[in-house]
Amino acid sequence: MTGGAGFIGSNFTHWVIDHTDASVTVLDAMTYAANESSLTGLPADRFQLVRGSVCDADLVDELVARADAVVHFAAESHNDNSLENPKPFIDTNIVGTFTLLQAVRRHHTRLHHISTDEVYGDLALDDPAKFTPTTRYNPSSPYSSSKAASDMLVRAWVRSFGIEATISNCSNNYGPRQHVEKFIPRQITNVIDGIRPKLYGAGLNVRDWIHVDDHNAAVWTILESGRPGETYLIGADGEMNNKDVIEMILELMGQPADAYDHVNDRPGHDMRYAIDSTKLRTELGWEPRFTNFHDGLAHTIDWYRNHESWWRPMKQATEAKYATKGQ
Ligand code: NAD
Ligand code: DAU
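Thresholds, definitions, all that
Per chain, the residues get numbers from 1 upward, laid out in the order the sequence is written. Labels are handed out in written order, letters beginning with A for the chains and numbers beginning with 1 for the ligands. A pLDDT threshold of at least 70 governs which residues receive local features in this predicted model, and a stricter bar of 80 or more applies before side-chain atom pairs are shown or counted, although totals over entire chains, interfaces and linings include all residues. We count a stretch as a helix when DSSP gives it H or I for four or more residues in a row; a strand needs E for two or more, and each element gets its number in order from the N terminus. Neighbour density around each residue's C-beta defines its exposure: 20 or more other C-beta atoms within 10 Å make it buried, 12 or fewer make it exposed, and counts between make it partly exposed, where C-beta atoms are placed from the backbone. Contacts are defined on C-beta atoms placed from the backbone: any two residues whose C-beta positions lie within 7 Å are in contact. As a rule, any residue with its backbone-derived C-beta atom within 6 Å of a molecule or strand is reported as near that molecule or strand. Residues were grouped as follows: Ala, Val, Leu, Ile, Met, Phe, Trp, Tyr, Cys and Pro as nonpolar; Asp, Glu, Lys and Arg as charged; and all remaining residues, including Gly, as polar. A set of buried Ala, Val, Leu, Ile, Met, Phe, Trp, Tyr and Cys residues, joined to one another through C-beta atoms within 7 Å, is what we call a nonpolar core. Two strands pair under a simple rule: DSSP has to find at least two bridges between them. The convention used is that axes are lines fitted to C-alpha atoms, helices contributing only their stretch in contact, and that angles between N-to-C directions extend from 0 to 180 degrees.

A. Quick look at the overall build of the protein. Regarding its fold elements, the protein presents eleven helices and twelve strands. Residues counted as buried form 47% of the 327 residues belonging to the protein. Taking the contacts inside the protein whose residues are at least 6 apart along the sequence as the reference set, 81% of them involve residues at least 24 apart.

B. Highlighting the site of ligand 1. Residues in close proximity to ligand 1 total 31 residues, the closest being Gly3, Gly6, Ala33, Ala34 and Ala75. The set of elements that each furnish at least two residues to the shell around ligand 1 consists of α1 (7-19), β1 (24-28), α4 (87-107) and β4 (110-116). Considering every element that reaches the shell around ligand 1, the biggest residue donor is α1, with three residues. For the shell around ligand 1, the residue count by class is 15 nonpolar, 13 polar and three charged.

C. Looking closely at the site of ligand 2. In the region of ligand 2, 20 residues are neighbours, and Ser77, Thr116, Lys182, Phe183 and Tyr200 sit closest. Among the secondary structure elements, those contributing two or more residues to the shell around ligand 2 are α6 (183-192) and β7 (198-200). Take the shell around ligand 2: its biggest share by element is three residues, from β7.

D. Structural context of the nonpolar core. Counting 72 residues, the largest nonpolar core has Phe73, Val104 and Ile234 as its most contacted members. For this core, the element with the most residues is helix α7 (residues 212-225), which contributes five residues. With near-sequence residues (within four places) excluded, valine 104 lies in contact with Val64, Val70, Thr109, Leu111 and Ile163.

E. Structural detail: the sheet that holds strand β5 (residues 165-170). In space, the four strands of this open sheet follow the order β3-β4-β5-β10, with parallel pairing throughout. This sheet does not close on itself; its edge strands, each paired only once, are β3 (69-72) and β10 (231-234). Across the sheet, the axes of successive neighbouring strands diverge by a mean angle of 20 degrees, strand direction being ignored. Where β4 and β5 come together, six bridges link them in parallel fashion. Considered in β5, the bridge of histidine 113 is made with isoleucine 167.

This is how it looks when you write it as structure tokens:
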């Protein structure tokens, strides 16, 4: 797999080791978003970390040649960073996916490509619609357009070269081992540090939250049983606006509900995402297990409280960067 030292990929690695008898080789460039300690405690006879880029064609070819299947998580993943400096998003998300596609084509290797609901753009707050596999692509940011481009490449390689690939587009993940630049861990670690949480704009933007283990269980299901060439949307009916999420974090951490700051909004900020995961549920029988967001959030808060050494090294630089933008 690629990107296994990041948030979702490291949780996927633990999930696979715990729930299956498969062995995992992680290819990861160990960017600022990676954390090697996310991969501690894994059995040496079933797990290997290879440091390198998914854009390195020779290395990718060598690793794909000995894999039974590839799950492609590696990406630049943060919208705010893509607004500051889009180039790494083009390199990793587009050129990296192209590099991997050429290797799986050469070696006839099964591929699952991890993507995002952001490829569909956003929905209005009063629109009853949700994203489905036939929703038109309409990405807003450099990040989401680079992910949309990568999906298009996968589809083209399926149709033109007959590679055996599936795609999943998932909504916002939360859970352990997520970088403190992201919304939920940023606010939890702010409260731990006595800093008031930071809400972009009015905070009415809606995200469709899913626990990372539910995402990863769905990825495994698609890898095992998904139909080649198909796209599956992964979501757990977890729509909530950012203001309500911050208030829930404050309540769970024993703070007054209004103890947060409104800060500068994100340029081009998508208003609402919502996933219709009917196809995944009816065709492959997947169901989310973490259906109570309040409980899932409480567990996530506990994880950050108990793993300060994991996030502390990245906290100060992350906040300093946000401060330069009034966020
Ligand atoms: P992350 O930023 O936490 O981790 C990304 C990982 O990829 C890091 O370990 C990083 O070092 C690695 N990486 C970056 N560039 C690389 C390169 N050139 N070669 C090899 N490795 C490289 O991201 P995440 O939140 O875990 O997201 C993982 C995937 O899931 C991404 O493809 C993202 O688009 C997708 N996704 C994320 C979410 C979410 O809510 N976080 C939701 C849907 C889809
Ligand atoms: O929808 C899936 C996507 O979810 C993934 O493809 C991305 O990789 C992942 O980063 C995430 O994108 P978002 O932009 O939705 O996530 P982020 O955590 O950056 O922000 C979530 C919401 O919270 C968004 O509306 C912006 C807002 N926000 C964010 C931060 C960091 C704040 O209000 N305050 C903050 O401090």
